[in-house]
Amino acid sequence: MTSSAVRHDLPSESLFAGADIASTAGLSWKNGAVRPRFEDEVWSLEGWADAPVQMKVTEKTWNFAKIHDPRWQVVAKELALSWLATRDERVLALPRARRIPRHPRTVWSRLYLLIFWFNWLHERRVPTLAAVTQDHCEGFIKEYGVIRDETGAVIRPKAGSSLRSLVSAMQEMSDYADVLSADRYRAGFRPWGERSPREITGSPARPDIQIKTLPLPDEVLAPLLTASLHLVEVLGPHIADLRRVRRAALTQWDTLKRTRYLSMDDPDELAGILDDHLREHKPLPRLDPGAVTRRLNRGWDPQDPLLHVSFQHLVRPSGHWDISAPMLRRSRPRLEAALDEVGHEYVWARGGVEVPRADTGELLPWTLPLPSTQADALIRIAVHACVMTVSALTGMRASELTELVVGCRVKSEEDAPGLARHRIASKVIKGRRWGGERDEWVVVDEVVHAIELAEKLTDATPGELLFGQIHNFDNGAARWLRRWVGSPAGQRMGLVPIPEDAIHPRRLRRTLAVEMAARPGGILATKVHFKHLTVVTSEGYAHRPGGAQAVFHQEWKKAEAAEKLHRTTEAFRQFQEGQLPAGPGADALLAAFRAVENELEGHEPGPAKVVTDRQIELLLKKKAAVLHLSAANYCWFEDPAKALCLKLAGAKSAAAPLTGLCDSGRCPQATHHLVHRPVWQTAADNSTVLLASPRIPTGEKNRLLAEHDRSMRILEEIDKAAGKAG
């Protein structure tokens, strides 16, 4: 049989002939957008109204012409439409067809894989799908399933998820045989039979969920948060003013350019402008570096004193576009004299308002005068800082950040004057129906400020995208922010350079979860009101139990449980090594540890066995569940009636301690460990300095003396307990 042979057992025309793809698949379509038809070689989904923002143009362009054999192009079209239109009666008639439609992004990825399969068969002159054998399938997977270098040597196998999808697509061609009109496998043939893609590739379809994304280390997180919040909170309002002034000037110049390119040729008029500069001691406008380069390329003398003067900025306030060449020659002496007296300076952000440095608090102008390119770059960097702030303090995924629109801030609800809950609206894309589902995030003030600033730095109107697509976060927003912080402008603001490390929403989300779970006194707590972060995340979980914050809340709680168990196990190991806990709750904790130790030693006589960490964790799991982490102590909240914080607050019962009222030196459920020693040492050192200051009143010193004595007593207890033998 030749490659052009006809299968007489096949229908002469496709069941989907003439079909409108959008209508058949149930895709909502934009008014006026081109609607793809089944016969088109390229299906363009540019008109899909509910497409997620992160869906790339390439994913919306389904080019079936990339398949060499025209018959198999039809097969690919029929498969693609069947995967989308699962409710179509022609698909419902297939007993093994999927009943849940695949997302168009998923269909595109499967078509991408099938192109390799079909073209591999074509290159090997396989005349028809009916001639495909299991040997063909095995040979293709063996060849496709590895990544090779330029010499053809195998580097590594391809990802298991990609191979699973490919094997699944190859198998499903037999499940959809009755709708394939141009070609199909022979009757009864199914690649690998009834074996699942998981068994074939050796890669589980639903592996145990292991979060491989590492949180950002402190040396990256600290300068990143400092820079982002400084740009948003301190520099943001001035950057917004800069953009407003610059946009107004550009609009005025565009109008002038459309009406006339009138050059000034009146020396007296130019003399008047220069007199104004001299009278106000106002520097002449300085030319952008790029324009200086263009002048040099046109033959200007590098030593010309007027090389760096912008004549266009000088005369545009008078309604002229530039000065004529003859007048430049006539007026050169006057221009040079004015330049000698007042100098020149970049136009944008002159006379900057003073703001505090990020490190010392010293007041200095928020920026030095900027050329146009740097002004535009600073505006863009401020937008990146807004994205970074929202991502770091909400835990939103990239797909959720991109769905934010201008006007996404939901009206705040005030519980009391000055106290309000803030929410932002977006869409959850991951794991949701096509187009995503609207959801809300309860957020802290810093996030609201970032959204508000971003809205001032965009031309988008209400309802339009605020940030747009975020495909390469680390190579885009993070890189721009890192470069600016390391530049003279960032160093002038007292910002610490951000080390080179991958920064993207997944890592920021993971970092937030870990910080909230394990670091009550960590980096985030020093940059924002950390307690507020915990509260708003919990409020978001309660406000919409099935929403996106519920998913993040679950991730945070899972990380918190793991951290509690780790801390409890660590304390038990220290107990075994003779490093005992201190504090009023130490005896109760030691009793629990001794009970676990007895349980481990009380096994039946027999061959010696090694006690594993897992065995210890199982015995300590109940104890770890009542642990609450604080910066200066551990609270083993087993009995609310014994909690000193609840007694001080007049609360009879609560599900958790009131950390703000904690007095760990007196609470019977609090313990101190070596990990808490630096906190108490810092408190003791600070109180020592304050007590020595002559500016502190006597009454305040009495209070500080009591706190100092408590810190020193707890330090002594920690050192004494840590040195005891078990």
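Preceding this paragraph is the structure being described.
Right, let's walk through the structure included here. Quick caveat: nothing in here was measured; it's all calculated off a predicted structure.

Below, the discussion takes up the overall build of the protein chain. For the protein chain, the count of helices and strands is 26 helices and 16 strands. Overall size of the protein chain, expressed as C-alpha extent along the three principal axes, is 110 × 105 × 55 Å. In the protein chain, once contacts between residues fewer than 6 apart in sequence are set aside, the share between residues at least 24 apart is 66%. Of the roughly 37000 Å² of accessible surface on the protein chain, 52% is carried by carbon and sulfur atoms. For the protein chain, the separation between the mean place of its 98 positive charges and that of its 91 negative charges on side chains is 3 Å.

Another aspect to go through is the state of the cysteines. Across all of its chains, the model carries 0 disulfides by this definition. Note on C386: no disulfide assigned, nearest cysteine sulfur contributed by C408 at a separation of 11 Å. Using a relative accessible area of 0% as the deciding quantity, one classes C386 as buried. C645 takes part in no disulfide bond, and the closest cysteine sulfur, belonging to C667, lies 6.2 Å away. Accessibility expressed as a relative area gives 7% for C645, which makes it buried.

Strands belonging to one sheet form pairs held by backbone hydrogen bonds; the direction of such a pair is parallel or antiparallel. Pairing in this open sheet of 3 strands is antiparallel, and the strands run β14-β15-β16 from one edge to the other. Strands at the two margins of the open sheet, each flanked by one partner only, are β14 (627-629) and β16 (670-671). Sheet analysis places β14 next to strand β15 (residues 634-636), joined by 3 bridges and oriented antiparallel. For H628, the partnering residue across the bridge sits in β15 and is C635.

Of all hydrophobic cores here, the largest spans 78 residues; its most connected members are I239, M388, L404 and I503. When residues of this core are assigned to their parent elements, the largest contribution, 15 residues, is made by helix α8 (residues 218-259). In contact with I239, not counting residues within four places along its chain, are L231, W366, L378, I379, A382 and L457. By size, the runner-up hydrophobic cluster in this structure holds 58 residues, among which are I21, F64, A169 and M173.

On to the packing of helix α13 (residues 372-394) against helix α15 (residues 445-456). As a packed pair, α13 and α15 sit with axes 9 Å apart at the nearest point and diverge in direction by 155 degrees. Here α13 lies roughly antiparallel to α15, going by the angle between them. Judged by the twist between their axes, the crossing of α13 over α15 is left-handed. Across the interface between the two elements, C386, T389, V390, L393 and T394 of α13 pack against E446, V447, A450, I451, L453 and A454 of α15. Considering only residue class, the contact of α13 with α15 consists of 8 nonpolar, 2 polar and 1 charged.

It is worth spelling out helix α21 (residues 548-576) at this point. The first and last C-alpha atoms of α21 sit 42 Å apart over 29 residues, in line with the 42 Å expected at 1.5 Å per residue. Looking at the residues trailing α21, positive phi occurs at G578, about 95 degrees.

So, about the pattern of salt bridges. Under the defined criterion, the tally for this structure stands at 37 salt bridges. Among the ionic pairs, R703 bridges to E700, the shortest N-O distance being 2.3 Å. Here E700 and R703 lie together in helix α26 (residues 698-722), a separation of 3 residues that amounts to about one turn. Exposure remark for R703: the relative accessible area of 40% places this residue in the partly exposed category. With relative accessibility at 31%, the residue E700 sits in the partly exposed group.

As a further point, take the packing of helix α9 (residues 267-280) against helix α12 (residues 325-342). For the pair α9 and α12, the least separation of the axes is 10 Å and the interaxial angle reads 5 degrees. Comparing the axis directions of α9 and α12 gives the class roughly parallel. In contact with P267, L270, A271, L274, H277 and L278 of α9, α12 contributes M327, R330, S331, R334, L335, A338, E341 and V342. Split by residue class, the contact of α9 with α12 holds 9 nonpolar, 2 polar and 3 charged.

Looking now at the packing of aromatic side chains. Under the counting rule described, the total for this entry stands at 19 aromatic pairs. Ring plane angle 80 degrees and centroid distance 5.2 Å describe the contact between Y112 and F116, whose orientation is recorded as edge-to-face. You can see Y112 and its partner F116 sitting in helix α4 (residues 104-123), 4 residues apart, about one turn around the helix. Residue Y112 is classed as partly exposed on the basis of its relative accessible area of 42%. Assessed through its relative accessible area of 34%, F116 is described here as partly exposed.

In this section: the environment of V57. Here V57 is to be found in the loop between β1 (42-44) and β2 (61-63). What makes V57 exposed here is its relative accessible area of 54%. Separated by 13 residues in sequence, V57 and S44 have C-alpha atoms that sit 9.1 Å apart.

Turning to the pairing of strand β4 (residues 154-157), a few remarks are in order. Two elements, strand β3 (residues 146-148) and β4, share 3 bridges in a ladder whose sense is antiparallel. Looking across to β4, one finds that R148 is bridged to V154.

Between the first and last C-alpha of helix α2 (residues 70-84) there are 22 Å, a value that for 15 residues agrees with the 21 Å anticipated at 1.5 Å per step. Of all 15 residues in α2, 13 are buried; the element is thus mostly enclosed.

Looking now at the side chain of R102. Relative to the helices and strands, R102 resides in the loop between α3 (89-92) and α4. When sequence neighbours within four positions are dropped, the list of residues in contact with R102 reads W83, L84, V107, R110, S168, E172 and W434.

Procedures and definitions
- Residues numbered from 1 in each chain as written.
- Predicted model: local features only at pLDDT ≥ 70, side-chain atom pairs only at ≥ 80, totals over all residues.
- Heavy atoms only, no water.
- Helix = DSSP H or I, 4+ residues; strand = E, 2+ residues; numbered from the N terminus.
- Contact = heavy atoms within 4.5 Å.
- Areas by Shrake-Rupley, 256 points an atom, 1.4 Å probe, with all protein chains shown as cover.
- Lys, Arg positive; Asp, Glu negative; His and termini not counted.
- Charge placed at Lys NZ, Arg CZ, Asp CG, Glu CD.
- Disulfide = S-S within 2.5 Å.
- Buried < 20%, exposed > 50% of the residue type's maximum accessible area, 1.4 Å probe, protein only.
- Pairing = 2+ DSSP bridges.
- Core = buried A, V, L, I, M, F, W, Y, C linked by side-chain atoms within 4.5 Å.
- Axes fitted to C-alpha atoms, helices over the stretch in contact; angles between N-to-C directions.
- Parallel < 35°, antiparallel > 145°, perpendicular 65-115°, else oblique.
- Left-handed = near helix turned anticlockwise from the far one by under 90°.
- Nonpolar A, V, L, I, M, F, W, Y, C, P; charged D, E, K, R; others polar.
- Expected span 1.5 Å × (residues − 1).
- Salt bridge = Lys/Arg side-chain N within 4 Å of Asp/Glu carboxyl O.
- Phe/Tyr/Trp six-rings, centres within 6.5 Å; stacked < 30°, edge-to-face > 60°.

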